[in-house]
Amino acid sequence: MGNYQCVASVNGSKLVSEDAYLQLEGLPFFSEEPQDLEITAGAAFNLSCAAQGPPEPVLVIWLQDSVPLNSLADPLAETPSVLRVRGLNHSSSFSCEAHNAKGVSTSRTAAVTVLPGQPHDLTFARRSDHSLDVMWEPGFSGAYAQEFCTIQAMPSDEDLSNVSDELYNRKIRVPPFSHTLDGLAAFTTYHVRVACHSTEGHSPWTHWVAMDTLEGAPATAPEDVVAIQNSSYTTIQWAQPRGSLNGILRGYKLVFQSGDSPEVIVDVGMTNETILSLNSSVQNLTVRIAAYTSAGDGPWSEAIMILSSETGEKWETTWWAITLGGCDAGGPSGSSFLLCSLWLGTLQSSRAEVGTSVPAFSWHWWYVVIAVATAVAATIFIIIFLARMRKKETRYGEAFEPNMEQGELVVHYRARKSYSRRTTEATLNSLGISEELKEKLQDVMIDRHRVALGKTLGEGRFLGQSLFGV
């Protein structure tokens, strides 16, 4: 394609023809064709198509699944052409046709795949020391149902850009869109993300979301528990558990038991040492130790046996001294430990005068408490009984007031109603008649109560005779 001339040589002179323009025409060819895409359901996207001749002009028609989307008269037909799609709910194929005077050329077919939308609202519903119950809302997946979701979790100290052995990775069937991450470390921050799958592919991952497991109890017992004894005291020492604490160590607890006596549990705080002062009457004393966090106590160590020390020729009080903060300072040989004493009993061991030791304090001290409670209850019962008797005595008024007149107890009684036995005389006095008329009427008047009584007795007698006759 271009300008061409012909040159002829005659007797040494050159003759040049006029320019001739040569142009090649044919079907359009594409300088840009639509490309494959993966989009989320409902997301907008663009496709481009460009073609040229000669001959010109070249016009473009877009096709979706082999169905034309425009005509040659539309502005969209002008090349280069950009097809703007607002969103799809199913996968489709797109292509374009280029038209000129010589014919039609067809571009490659671009496959546009619709993937599920990104999940959102990823959060935990419940949590414990070793698990997280997480839930999320799925993204829009168009015409394709979501069948699986993949959930991943990594400790916060791991590099989130690299997959490591610490990665928690599970593929679960949905719905429901929830999952329990188990086997996690206690008191640890994890980063969690989710992606869901349909038949067309998987959705984008959510952002990493930080979630914390709760604090748990220590996994192991304190180590290296030893008892160091001298003539007066026994020192118990131990080391921090080597296993996972599953939280923040808050201190240690010791449990003491002598023979068949009940166990005594003492919180010694953050110290790693305890001092005991025992006399010979305490036999077979065992000690166990456990570490604890805010979530609870860890396992107890193996029990160790503590032997008692010898007692002197005096009155002696048995104490168990344990190290605790906030108590009075003291201890053997000027020790810097703070000692708090748990009093267990009093022992009289004057061997010079008695020659035998007194049995150790009995643990059944609660019998005294029961006796005191019984006495209090009996006193309250007696008070209530006397109060009820008093109320019954004074039901019709006030009686037996403790007033003294002329050296003697005076009894007062005020009745609520007054009843006169001379009702006939009282009735006649109220009429205002003469004494002569009163005497005449008194012989003929009858008390109404007597009339009622006679009526009742008469009816009973008549009824009895009637029944006897029958």
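In this text the structure is predicted, and so the values were computed from the model without any measurement.

## Observations regarding the overall build of the protein
Moving on, step 1. The helix and strand tally for the protein stands at four helices and 33 strands.
Moving on, step 2. A buried classification covers 31% of the 470 residues belonging to the protein.
Moving on, step 3. Long-range pairs, those at least 24 residues apart, make up 59% of the contacts in the protein with a sequence separation of at least 6.

## Some details on a nonpolar patch on the surface
Moving on, step 1. Taken together, the side chains of M1, Y4, Y21, L22 and L24 present a nonpolar region at the surface, about 580 Å² in accessible area.
Moving on, step 2. By the element assignment, Y21 lies in strand β4 (residues 20-22).
Moving on, step 3. For Y21, a relative accessible area of 53% puts it in the exposed group.

## Some thoughts on the packing of aromatic side chains
Note on aromatic pairs: each is described by the distance of the centres and the angle between the planes.
Moving on, step 1. Across all of its chains, the model carries three aromatic pairs by this definition.
Moving on, step 2. Consider the rings of W136 and F177, whose centres lie 6.5 Å apart with planes at 75°: the pair is edge-to-face. Pair noted here: W136 is in strand β15 (residues 131-137) and F177 is in the loop between β17 (168-173) and β18 (178-182), with a separation of 41 residues, a long-range link. Comparing W136 with F177 shows no difference in burial state: the two are buried.
Moving on, step 3. Above the plane of the ring of Y168 lies R170, whose end atom (NZ or CZ) is 4.2 Å from the centre.

## Quick look at unusual backbone geometry
Excluding glycine, residues mostly have negative phi values, and the peptide bonds linking residues are mostly trans.
Moving on, step 1. With omega at 5°, the peptide bond leading from G53 into P54 counts as cis.
Moving on, step 2. Considering the arrangement of structural elements, one finds P54 in the loop between β7 (45-52) and β8 (59-64).
Moving on, step 3. P54 connects to P55 through a cis peptide bond whose omega is 0°.
Moving on, step 4. On the secondary structure map, P55 appears in the loop between β7 and β8.
Moving on, step 5. Backbone geometry at S66 places phi at a positive 70°, although glycine is not the residue there.
Moving on, step 6. Among the structural elements, S66 can be located in the loop between β8 and β9 (67-68).

## Some details on the confidence of the model for the protein
Moving on, step 1. Within the protein, residue pLDDT values average 78, and 71% of them lie at 70 or more.
Moving on, step 2. Of the regions scoring below 50 in pLDDT, residues 310-363 engages in 106 contacts with residues more than four places distant in sequence or in other chains.
Moving on, step 3. Between residues 466-470, whose pLDDT stays under 50, and residues either more than four places distant or in other chains, the model counts zero contacts.

## Brief notes about the state of the cysteines
Moving on, step 1. Counted by the stated rule, this structure contains two disulfides.
Moving on, step 2. Disulfide partner of C49: C96, at an S-S distance of 2.0 Å. In this structure the cystine formed by C49 and C96 twists about its S-S bond by roughly 65°; its chirality is therefore right-handed. Placement of C49 in strand β7 and of C96 in strand β11 (residues 92-100) is noted, with a sequence separation of 47 residues between them. For the pair C49 and C96, a shared accessibility class is recorded, and that class is buried.
Moving on, step 3. Through a disulfide, C149 is tied to C196; the S-S separation comes to 2.1 Å.

Criteria and cut-off values
- Residues numbered from 1 in each chain as written.
- Predicted model: local features only at pLDDT ≥ 70, side-chain atom pairs only at ≥ 80, totals over all residues.
- Heavy atoms only, no water.
- Helix = DSSP H or I, 4+ residues; strand = E, 2+ residues; numbered from the N terminus.
- Buried < 20%, exposed > 50% of the residue type's maximum accessible area, 1.4 Å probe, protein only.
- Contact = heavy atoms within 4.5 Å.
- Patch = residues over 30% accessible without salt bridge, like charges linked within 9 Å, V, L, I, M, F, W, Y side chains within 5 Å.
- Areas by Shrake-Rupley, 256 points an atom, 1.4 Å probe, with all protein chains shown as cover.
- Salt bridge = Lys/Arg side-chain N within 4 Å of Asp/Glu carboxyl O.
- Phe/Tyr/Trp six-rings, centres within 6.5 Å; stacked < 30°, edge-to-face > 60°.
- Lys NZ or Arg CZ within 6 Å of the ring centre and 35° of its normal.
- pLDDT = per-residue confidence, 0-100.
- Disulfide = S-S within 2.5 Å.

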